[in-house]
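Listed below are the residues making up each chain.
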Amino acid sequence: MLIVSNTNLKGRGIFAQKHFLKGEIVERSPVVVIPAEQVEFLDKTILGNYYYDWEDKAAALALGLASLFNHSYEPNTYYVKKFAEGEVELIAYRDIEAGEEITANYNGSPNDKSPIWFDVVNEISLLRN
């Protein structure tokens, strides 16, 4: 249903291999929770760009594809942190076409336009290379 492929400007990304309907679960990934006292060390590694903020100031590294979705201020998914289940779900914010890159707003809310920790590439990536 999903594949990893190269985008035109953002490096690798995740692309839909089927049509997803608004509200449909696109990805469900278990997470490894990193205790709050270890997050400062995680931030000094490349993994600092791939984790989700978690409850009690911990971090969560998603297994599967959920840590590889690119950021967008016009995302087609949003994520839900399932603390009790130890999972992250990405849910279609709108219908998504086959071949379209799957994106999420790293701020948590699809409508949050707050700056994030890196310069955002403006790209509509409907087809992979």
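Since the model is a prediction, treat every value here as computed from it, not as a measurement.

Parameters and conventions
- Once a new chain begins, its residue numbering starts again from 1 and follows that chain's sequence as written.
- Whole-chain, interface and lining totals are the exception, using all residues; otherwise, since this is a predicted model, local features are given only for residues with pLDDT of at least 70 and side-chain atom pairs are given and counted only at 80 or more.
- Side-chain figures throughout are based on the complete set of non-hydrogen atoms in the structure, without hydrogens or water.
- Residue-level confidence of the predictor is summarised by pLDDT, bounded by 0 at the bottom and 100 at the top.
- Contacts: residue pairs with any heavy atoms within 4.5 Å of one another.
- For our purposes a nonpolar core is just a set of buried Ala, Val, Leu, Ile, Met, Phe, Trp, Tyr and Cys residues, chained together by side-chain atoms within 4.5 Å.
- Exposure is judged per residue with a 1.4 Å probe applied to protein chains only, and the accessible area is read against the type maximum: over 50% gives exposed, under 20% gives buried, and values in between give partly exposed.
- Runs of E in the DSSP output that reach at least two residues are strands. Runs of H or I that reach at least four are helices, and both are numbered from the N terminus.
- Ring pairs are drawn from Phe, Tyr and Trp, using the six-membered ring of Trp, whenever the two centres fall within 6.5 Å, and their geometry is named by plane angle: stacked under 30 degrees, edge-to-face over 60, tilted for the rest.
- Two conditions define a charge sitting above a ring: the NZ of Lys or the CZ of Arg must be within 6 Å of the ring centre, and it must be within 35 degrees of the ring normal.
- Salt bridges are counted wherever a side-chain nitrogen of Lys or Arg sits within 4 Å of a carboxyl oxygen of Asp or Glu.

A.B. asks: Is there a simple way to explain the confidence of the model for the chain in this structure?
C.D. replies: Any residue range with low pLDDT should be treated as having predicted coordinates unsuitable for detailed reading. On average, residues of the chain score 86 in pLDDT, and 84% of them are at 70 or above. In the predicted structure, residues 123-129 sits below a pLDDT of 50 and forms 22 contacts with residues beyond four places in sequence or in another chain.

A.B. asks: Explain the nonpolar core here, please?
C.D. replies: Nonpolar side chains in soluble globular proteins tend to end up buried together. Counting 21 residues, the largest nonpolar core has L2, Y52, F69, V88, L90 and I102 as its most contacted members. Listing elements by their share of this core, those giving two or more residues are β2 (12-16), β3 (25-34), β5 (59-62), β8 (87-92) and β9 (101-104). The element that contributes the greatest number of residues to this core is β8, accounting for three residues. With five residues, the next largest nonpolar core counts I34, L42, Y51 and A59 among its residues.

A.B. asks: Please clarify how the packing of aromatic side chains should be interpreted in this entry.
C.D. replies: Throughout the structure, instances matching the rule amount to three aromatic pairs. Taking the centre distance of 6.3 Å and the plane angle of 85 degrees together, the rings of Y78 and Y93 count as edge-to-face. Residue Y78 is located in strand β7 (residues 77-82), and its partner Y93 is located in the loop between β8 and β9; the two are separated by 15 residues in the primary sequence. Y78 gets classed as partly exposed once you look at its relative accessible area, which sits at 28%. For Y93, a relative accessible area of 31% puts it in the partly exposed group. The ring centre of F20 lies 4.6 Å from the NZ or CZ of K18, which sits over that ring.

A.B. asks: I'm lost on the pattern of salt bridges in this one. Help?
C.D. replies: As a working rule, side chains carrying opposite charge can pair if their charged atoms are close by. Applying the stated criterion across every chain yields a total of five salt bridges. A salt bridge links E89 to R28; the shortest N-O distance between them is 2.9 Å. Residue E89 is found in strand β8, and its partner R28 is found in strand β3; the two are separated by 61 residues along the sequence. Note on R28: relative accessible area 43%, which makes it partly exposed. Among the salt bridges present, the one from E89 reaches K82, with a minimum N-O distance of 3.9 Å. The exposure class of E89 is buried, given its relative accessible area of 8%. Owing to a relative accessible area of 24%, K82 belongs among the partly exposed residues under this scheme.

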